[in-house]
Amino acid sequence: MTGIQAWFSDFCNSFEKCFIREDRYMLLLNGIGITIKISILAVFIGILIGMLIAMCNLSKRKLPKIFGGIYTDVIRGTPSVTQLMIIYFVIFATVNLDKWIIAAIAFGVNSGAYVSEIIRGGILSVDHGQTEAGRSLGLNAFQTMTRIVIPQAVKNIFPALCNEFIVLIKETAIVGYVGLMDIQKAGDFIKSATFEAFMPLVGTAVIYYVLIKILTLILRQIEKQLRKSDVR
Amino acid sequence: MIQVKNLHKKFGDLTVLDGIDEHISQGEVVVVIGPSGSGKSTFLRCLNLLENATDGEIYVDDQLINAPKVNVNHVRQKMGMVFQQFNLFPHLTIMDNITLAPVLLKKMTKEEAVRRGRELLERVNLSEKANAYPAQLSGGQKQRVAIARALAMNPEIMLFDEPTSALDPEMVGEVLDVMKDLAKSGMTMVIVTHEMGFAREVASRVLFIDQGKVMESGTPEEVFTNPKNERTKLFLSKVL
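No experiment lies behind these values; they were computed from the predicted model shown. Sequence order as written defines the numbering, with residues in each chain counted from 1. All chains are assigned letters beginning with A, and all ligands numbers beginning with 1, in the order in which they are written. Reporting in this predicted model follows two pLDDT cut-offs: at least 70 for local features of residues, and 80 or more for side-chain atom pairs to be given and counted; totals over whole chains, interfaces and linings ignore these cut-offs and use all residues. Where side-chain values are given, they derive from all heavy atoms of the structure, hydrogens and water being excluded.

Some details on the overall build of chain B
Applicable threshold: Starting at the N terminus, helices and strands are each numbered in turn, a helix being any DSSP run of H or I of at least four residues and a strand any DSSP run of E of at least two. Accessibility here uses a 1.4 Å probe with only protein chains present; expressed as a share of the type maximum, an area under 20% marks a residue as buried, one over 50% as exposed, and anything in between as partly exposed. The criterion used for residue contact is that any of the two residues' heavy atoms lie within 4.5 Å. Charge assignment: positive for Lys and Arg, negative for Asp and Glu; neither His nor the chain ends contribute. Lys charges are placed at NZ, Arg charges at CZ, Asp charges at CG and Glu charges at CD.
Summing up its helical and strand segments, chain B has nine helices and 10 strands in all. Dimensions of chain B, computed from the C-alpha atoms along their principal axes, are close to 50 × 45 × 30 Å. Burial status across chain B gives 57% buried among its 240 residues. When contacts within chain B are restricted to residue pairs at least 6 apart in sequence, those whose partners lie at least 24 apart make up 66%. Side-chain charges of chain B comprise 28 positive and 31 negative groups, with the mean position of each set lying 4 Å from the other.

Quick look at the overall build of chain A
This is how it is decided: Here the globule rule is a power law, 2.2 Å times the number of residues to the power 0.38, and the radius of gyration is based on C-alpha atoms. Per-residue and other accessible areas follow the Shrake-Rupley method at a 1.4 Å probe size, with only the shown protein chains counted as cover for residues.
When helices and strands are counted, chain A shows nine helices and zero strands. The order of helices and strands in chain A, counted from the N terminus, is α-α-α-α-α-α-α-α-α. For 232 residues, the compact-globule estimate of 2.2 N^0.38 gives 17 Å, and the C-alpha radius of gyration of chain A, at 22 Å, exceeds that figure by more than 25%. Along the longest, intermediate and shortest principal axes, the C-alpha atoms of chain A span 80 × 50 × 25 Å. Within chain A, the proportion of its 232 residues that are buried is 42%. Pairs at least 24 residues apart make up 74% of the contacts formed inside chain A by residues separated by at least 6 positions. If you sum the accessible surface of chain A, you get close to 13000 Å²; carbon and sulfur atoms cover 67% of it. Within chain A, the 16 negative side-chain charges are centred at a point lying 9 Å from the centre of the 23 positive side-chain charges.

A closer look at the packing of helix 4 (residues 80-91) of chain A against helix 5 (residues 99-125) of chain A
All names here are of chain A. Applied cut-off: Fitted lines through C-alpha atoms serve as axes, helices being fitted only where they are in contact, and the angles separating the N-to-C directions of these axes extend from 0 to 180 degrees. The labels follow the angle: roughly parallel below 35 degrees, roughly antiparallel above 145, roughly perpendicular from 65 to 115, and oblique for the rest. Each crossing gets its handedness from the near helix: less than a right angle anticlockwise from the far helix is left-handed, clockwise is right-handed. Think of it as three bins: nonpolar holds Ala, Val, Leu, Ile, Met, Phe, Trp, Tyr, Cys and Pro, charged holds Asp, Glu, Lys and Arg, and polar takes everything else, Gly as well.
Put simply, helix 4 and helix 5 touch, their axes get as near as 9 Å, and they point 135° apart. With respect to their mutual orientation, helix 4 and helix 5 come out oblique. The hand of the helix 4/helix 5 crossing is right-handed. On the side of helix 4, the interface is formed by Ser80, Gln83, Leu84, Ile87 and Tyr88, while helix 5 contributes Lys99, Ile102, Ala103, Ala106, Phe107, Val109 and Asn110. Of the residues belonging to the contact of helix 4 with helix 5, the class tally is eight nonpolar, three polar and one charged.

Here's the deal with the pattern of salt bridges
So the rule is basically this: Between Lys or Arg on one side and Asp or Glu on the other, a salt bridge is scored when a side-chain nitrogen of the former is within 4 Å of a carboxyl oxygen of the latter.
Tallying each qualifying case throughout the model produces 19 salt bridges over all chains. In this structure, Glu132 of chain A engages Arg45 of chain B in a salt bridge whose closest nitrogen and oxygen atoms are separated by 2.5 Å. Taken together, the positions of Glu132 of chain A in helix 6 (residues 128-136) and Arg45 of chain B in helix 1 (residues 40-47) put the pair across two chains. Among the residues examined, Glu132 of chain A registers a relative accessible area of 13% and is labelled buried. Residue classification places Arg45 of chain B among the buried residues on the basis of a relative accessible area of 14%. Arg205 of chain B serves as the salt-bridge partner of Glu28 of chain B, at 2.7 Å between the closest nitrogen and oxygen. Residue Glu28 of chain B is located in the loop between strand 2 (14-24) and strand 3 (29-33), and its partner Arg205 of chain B is located in strand 9 (residues 205-210); the two are separated by 177 residues in the primary sequence. One exposure class covers both Glu28 of chain B and Arg205 of chain B, and it is buried.

Points about the state of the cysteines
So the rule is basically this: Throughout, a disulfide means two cysteine sulfur atoms within 2.5 Å of one another.
Here the structure, examined in full by the defined rule, presents zero disulfides over all chains. Free cysteine Cys12 of chain A: the closest other cysteine sulfur is in Cys18 of chain A, separated by 12 Å.

Focus on the pairing of strand 3 of chain B
All names here are of chain B. The criterion, for reference: DSSP-based pairing: two strands are paired if at least 2 bridges between them are found.
For strand 3, the tally of buried residues reaches five of five residues, placing the bulk of the element in the interior. Burial along strand 3 is two-sided: the residues Val29, Val31 and Ile33 and Val30 and Val32 are all buried. With four bridges joining them, strand 3 and strand 8 (residues 188-192) adopt parallel strand pairing. Bridge pairing in strand 8 places Val30 opposite Val190.

Comments concerning the pairing of strand 4 (residues 55-60) of chain B
Residue and element names in this part refer to chain B. On strand 4, burial follows the alternation: Gly56, Ile58 and Val60 on one face are buried, whereas Asp55, Glu57 and Tyr59 on the facing-out side are not. Pairing analysis gives five bridges linking strand 1 (residues 2-11) to strand 4, with the strands arranged antiparallel. Along strand 4, the bridge assignment pairs His8 with Asp55. Pairing of strand 4 with strand 5 (residues 63-64), which is carried by two bridges, proceeds in the antiparallel orientation. The residue of strand 5 that forms the bridge with Val60 is Gln63.

Brief notes about the packing of aromatic side chains
Rules: Any Phe, Tyr or Trp ring, taking Trp's six-membered ring, that has another such ring centre within 6.5 Å forms a pair; planes under 30 degrees apart are called stacked, those over 60 apart edge-to-face, and the others tilted. Both a distance and an angle decide whether a charge sits over a ring: NZ of Lys or CZ of Arg must be within 6 Å of the ring centre and within 35 degrees of the ring normal.
If you walk through the whole model with that rule in mind, you get five aromatic pairs over all chains. Relative to Tyr71 of chain A, the ring of Phe67 of chain A lies with its centre 6.3 Å away and its plane at 45°, an arrangement referred to as tilted. Of this pair, Phe67 of chain A and Tyr71 of chain A are both found in helix 3 (residues 62-77), four residues apart, which corresponds to roughly one turn of the helix. Among the residues examined, Phe67 of chain A registers a relative accessible area of 48% and is labelled partly exposed. Between the aromatic rings of Tyr88 of chain A and Phe89 of chain A, the centroid separation amounts to 4.9 Å while the plane-to-plane angle is 75°, which identifies the pairing as edge-to-face. Tyr88 of chain A gets classed as buried once you look at its relative accessible area, which sits at 13%. The residue whose ring lies beneath Arg149 of chain B is Phe89 of chain B, and the NZ or CZ to ring-centre distance is 4.4 Å.

Considerations on the sheet that holds strand 3 of chain B
The pairing of strands in a sheet happens through backbone hydrogen bonds and is either parallel or antiparallel. Residue and element names in this part refer to chain B. Judged by pairing direction, the sheet is mixed, and its six strands sit side by side in the order 6-7-8-3-9-10 without closing on themselves. Of all the strands in the sheet, the pair left with one neighbour each is strand 6 (79-82) and strand 10 (213-218). Ignoring strand direction, the axes of neighbouring strands in this sheet form an average angle of 15°. Summarising the sheet, strand 3 and strand 9 pair through four bridges and their orientation is parallel. Bridge pairing links Val30 to Arg205 in strand 9. Its contacts with the sheet place helix 1 against strand 3, strand 6, strand 7 (157-161), strand 8 and strand 9, and it is angled at close to 150° to strand 7. Seen against the sheet, helix 6 (residues 169-184) touches strand 3, strand 7 and strand 8 and runs at an angle of roughly 145° to strand 8.

Now the structure itself:
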């Protein structure tokens, strides 16, 4: 019994030292804020860029096609840490923007390449007869795309997009490289300050896990709504 | 109403339509028959510009429609099209399928379109399905909705591309009945089909197309009982 009691009191001490003492939980709370801010903005930028690049890749014209191809190729061919650092220290070096916004742009640019492939696949997955039916009613290409093809594509690609967002949130754990204090960096900071490894690192993992769990549950509900018209 | 002059269509090296000249007048019900691969569906699709003719001219109401500056969307609004695979919009209810185009194209207000939608659903005997989704309907019901959807734009001409070919045999009748009613109401129709009995009963004119050419054209009586062309005879001997 004493063994378990000793372990438990060690655990409590360590917990107090890492999260309570000197208000260290504030570091983590602020970190959560940073992670969420970056992720949300990056998701929007990613979808926007993803749609543009998907349109480029699906275009019948040569120039957009080449541009889209190069974009996807370069982004997929280089590590995201490198991209983040190039965007932060080179491209936005002299621009006066909040750090977290620059980081969000970097992650959005990265995510856009992957999202564009998901969107492209989604649009191609909608039967061509749908486009023909829309056009035969007199809708123009844009109306057919936005009212008929994309709503169906969204339903098809929703699970893949959710997956991409989850990957994106976890990917933001590298923003410490450009000096932002997100969840990961806060955990790391506590680790250095307390010389404890287990508590801050496992704590970090738990926070990410809970965030993503909540997000997954929300996305499930949205997907259920989207699937209303499927009767299977 | 529709005037086709020297229509050619090639897919790469393959010639599908090889010079078609045809005139379709108001109120005519033209049934197009012919072996598969003969170009009859392509002919129909050229009429509403789902395929671009390689050569030749198509006039609708004396307007040349296959010219570069023509607004194809306006042309298509005059022509309803019914497809073999129905192509209903699966993410929309039956009523929304019908009202989408007239409302989006500002032909009607939402209320007018819904009223018209109810009329049309009644006409195809599907009033109770207004709020269902396409996945809840049988093939025959889907095709009847597709007809109602095309009619919602108040087209001058209806084009049917093998409307019963994807249906189970017991559902063919209900779709043909709707088409018969439509023909009786004086709608101009061009129908590609393999239903010879239907062609005989409803057509005001039958076109036999083979190898991209109109081989024979005449009343059902002339074409079915007294075909002049050897190919027509051969084809009819196989299908009748």
